Amino acid sequence: MDKFVIRGGNPLLGTVRVSGAKNSALPCMAAAILTEDEVILENIPQVRDIETQRRLLASMGAEVELGYGRAQHRTKICCRTLSDPEAKYEIVKTMRASSLVLGPLIARCGLARVAMPGGCAIGGRPIDLHIKGLEKMGATITQEHGYLEARAARLRGAHLLFDRITVTGTEDLLMAAVLAEGETLMENCAREPEVVDLASLLTAMGARIEGAGTSTIRVHGVTRLHGARHRIHPDRIEAGTFLIAGAITGGDLIVANCNHNHLGAVISKLQEAGVRVDLLGPDSVRVRADGRLRAADISTEEYPGFPTDMQAQFMALATQAEGVSQVKENIFENRFMHVQELVRMGAHIKVDGNTATVRGPSRLSAAAVMCSDLRASASLVLAALVADGESILDRVYHMDRGYERIEEKLRGVGAQIRRLGNIFAPRDEELIAR
Ligand code: EPZ
């Protein structure tokens, strides 16, 4: 079982480079299902969820090469033959984003069998809005034995209005619409940069899409798509996590290879908290924290609001700020799993419903803590970087799902962090399943 050992107290100094966005790469890999031609994706992050998506596509009959040589973080995918359009439970249970193959499979094959993802640590995370949209486009969907089965000779364009904003729901239905007959009008869409990245790949493949990145997307269906080469954009959540790492340690850190246009809400909150943030050209941001941090309230919203995927990380920073910070989580119903672990390290946090009240500054002391999900893990790493002593973080495979070589990157800018165990060691549930 992987663990991190982190000794707190070092300010982070120097330059850290951001990898490609996991939450762009996942839908873009699924988009390869929509064509018989080869799709090449560059700047793919070397994280566990990408390996899971490779296994999922390969299990359906796709040819998937995934290489992380020095010159390239690249995947080549060819779905010429999809012998088995089924996303099996064994894979889906480890990554609920597997539901992203639902729309492409129906659009390409007229048939899809996808294990229901089930909930996860941060919430129930249903996919009812994905299903509702596909049925509106003419798919017949049945649910049996924990699987969704969807059929459609050819999807028809429709007017889709999302009851609530859903990122992968927007992406799934966008991929369904590009091969549908006629025009699809999608309203109340997610505006996340990952949706825009997917739309630019689909457009390169021959899709006709207008309005990606806004709440209203219009798609003119085409009969086929061709291959393309596409570079995945930088991971804004990894970049935001490093900005907070530089701030919380009182360092002077340059976060390179990022797109600060995707970080507006995070940067303005950091500045409100007394952190110095300078934009150094189009893809680098410098963060310095001199003097005391000030309390600031956050309320998570869909993009371009403050991202829910940065809530846990900001809460760690708030434990070091002078005053009371209110952290409101509006997107997921159970995204405070990091709170009790931070309290065990000495933080003063009270949770009432979807709001956590953080009183700071508090001196954090090193402890043995447990990671529970991807971003909660990041919050515990940030806390350990300032805690007094040596912390042990258990179950860091959660971290490996979405952060590429995080311990190497942090060590490279002065953090005292090392991994115990082997990054590719089987996880608990894999051992239990054997
Ligand atoms: C995406 O998840 C991201 N994952 C999440 O990142 C991110 O936290 C989330 O968007 C919000 O920004 C990927 O892109 C792979 P949603 P997604 O559908 O699409 C409810 C990370 O840390 N909902 O936008 O699954 C849902 O329960 C991960 O990298 C329905 O009710 O999130 C939630 O409360 C974690 N019915 C809200 O909508 C549906 O059919 C937003 O969920 C779909 C969603």
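Within each chain, residues carry numbers counting from 1 in the order of the written sequence. This being a predicted model, a pLDDT of at least 70 is required before a residue's local features are given, and a value of 80 or more before pairs of side-chain atoms are given or counted; all residues contribute to the totals for chains, interfaces and linings. Only heavy atoms go into the side-chain values, all of them from the structure, while hydrogens and water stay out.

Can you tell me about the packing of helix α1 (residues 22–31) against helix α2 (residues 48–59), naming the residues and giving the values?
Interaxial angle, 0 to 180 degrees, is taken between N-to-C directions of lines fitted to C-alpha atoms, where a helix line uses only the stretch in contact. Counting from the N terminus, the helices are the DSSP runs of H or I reaching at least four residues and the strands are the DSSP runs of E reaching at least two. Orientation of α1 relative to α2, taken along the N-to-C sense of each, is 10 degrees, at an axis distance of 10 Å. What the angle tells us is that α1 and α2 run roughly parallel. On α2, the residues that touch Lys-22, Ala-25, Leu-26, Met-29 and Ala-30 of α1 are Asp-49, Ile-50, Gln-53, Arg-54 and Leu-57. When residue character is reported, Ala, Val, Leu, Ile, Met, Phe, Trp, Tyr, Cys and Pro are called nonpolar, Asp, Glu, Lys and Arg charged, and the others, Gly included, polar. Within the contact of α1 with α2, the residues separate by chemical class into six nonpolar, one polar and three charged. Geometric relationships in this document are graded by angle, where less than 35 degrees denotes roughly parallel, more than 145 denotes roughly antiparallel, 65 to 115 denotes roughly perpendicular, and other angles denote oblique. Should any heavy atoms of two residues lie within 4.5 Å, those residues are considered in contact.

Pulling in residues and values, what's your account of the side chain of Lys-22?
You can see Lys-22 is positioned in helix α1. Not counting residues within four places of it along the chain, the set of residues in contact with Lys-22 comprises Pro-45, Val-47, Asp-49, Ile-50, Asp-235, Leu-374, Arg-375, Arg-401 and Gly-402.

Explain the packing of helix α5 (residues 128–136) against helix α6 (residues 167–177) to me, using residue names and the numbers behind them.
It is at 9 Å that the axes of α5 and α6 come closest, and there the two elements cross at 25 degrees. Taken together, α5 and α6 sit at an angle that is classed as roughly parallel. Judged by the sense of rotation from one axis to the other, the crossing of α5 with α6 is right-handed. For the pair α5 and α6, the contacting residues are Leu-129, His-130, Gly-133 and Leu-134 in the first and Thr-168, Gly-169, Asp-172, Leu-173 and Ala-176 in the second. Of the residues assigned to the contact of α5 with α6, the class counts are four nonpolar, four polar and one charged. Handedness of a helix crossing follows the sense of rotation of the near helix relative to the far helix, less than a right angle counterclockwise being left-handed and clockwise being right-handed.

Account for the sheet that holds strand β4 (residues 63–67), naming residues and giving values.
Any two strands with at least two DSSP-identified bridges between them are counted as paired. One open sheet holds the four strands; their spatial order is β4-β5-β3-β14, and the pairing between them is mixed. Every other strand in the sheet has two partners, leaving β4 and β14 (228–231) as the edge strands with one partner each. Pairs of neighbouring strands in the sheet enclose a mean axial angle of 10 degrees, with direction left out of account. Bridge analysis of strand β3 (residues 38–42) against β14 gives four bridges, and the strand direction is parallel. Note that in β14 the partner of Leu-41 across the bridge is His-230. Of the strands in this sheet, β4 and β5 (74–78) touch α2, which is tilted by about 160 degrees from β4.

Account for the sheet that holds strand β10 (residues 159–161), naming residues and giving values.
Taken together, the four strands give an open sheet; going across it, the order is β10-β11-β13-β12, and neighbouring strands pair in mixed fashion. One side of each edge strand has no neighbouring strand; the edge strands of this open sheet are β10 and β12 (208–210). Strand-to-strand, the axes of this sheet are offset by a mean angle of 15 degrees, without reference to chain direction. As judged from the three bridges shared by β12 and strand β13 (residues 217–220), these two strands associate in the antiparallel manner. In the sheet register, Arg-208 faces β13, and the bridge partner there is His-220.

An account of the domain arrangement of the chain is needed here, citing residue identities and associated values.
Domains assigned within the chain are domain 1 (3–19 + 235–431) and domain 2 (22–231). In this assembly, 29 residues from domain 1 lie in contact with 23 residues from domain 2. A simple way to read buried area is as the amount of 1.4 Å-probe accessible surface that goes missing from two parts once joined, with both sides added. Summing both sides of the interface, domain 1 and domain 2 together bury roughly 2,200 Å²; the carbon and sulfur share of this comes to 47%. The largest share of the area that domain 1 buries against domain 2 comes from Tyr-303, Arg-401 and Glu-404, three residues that together contribute 28% of it. By convention in these notes, a salt bridge is any Lys or Arg side-chain nitrogen within 4 Å of a carboxyl oxygen on Asp or Glu. The interface formed by domain 1 and domain 2 holds two salt bridges in total. For Arg-401, the salt bridge identified is with Asp-49, shortest N-O distance 2.8 Å. Polar contacts, as used here, are pairs of N or O atoms within 3.5 Å; protein pairs need one atom able to donate a hydrogen and one able to accept it. Residues neighboring in sequence count only if both atoms are side-chain atoms. The tally of links from domain 1 across to domain 2 stands at nine residue pairs in polar contact (both at pLDDT 80 or more). Elements represented by at least two residues in the side of domain 1 that touches domain 2 include exactly α12 (374–386) and α13 (397–400). In terms of residue class, the side of domain 1 that touches domain 2 is made up of 10 nonpolar, six polar and 13 charged. Domain boundaries shown here were taken from an automatic or database domain assignment.

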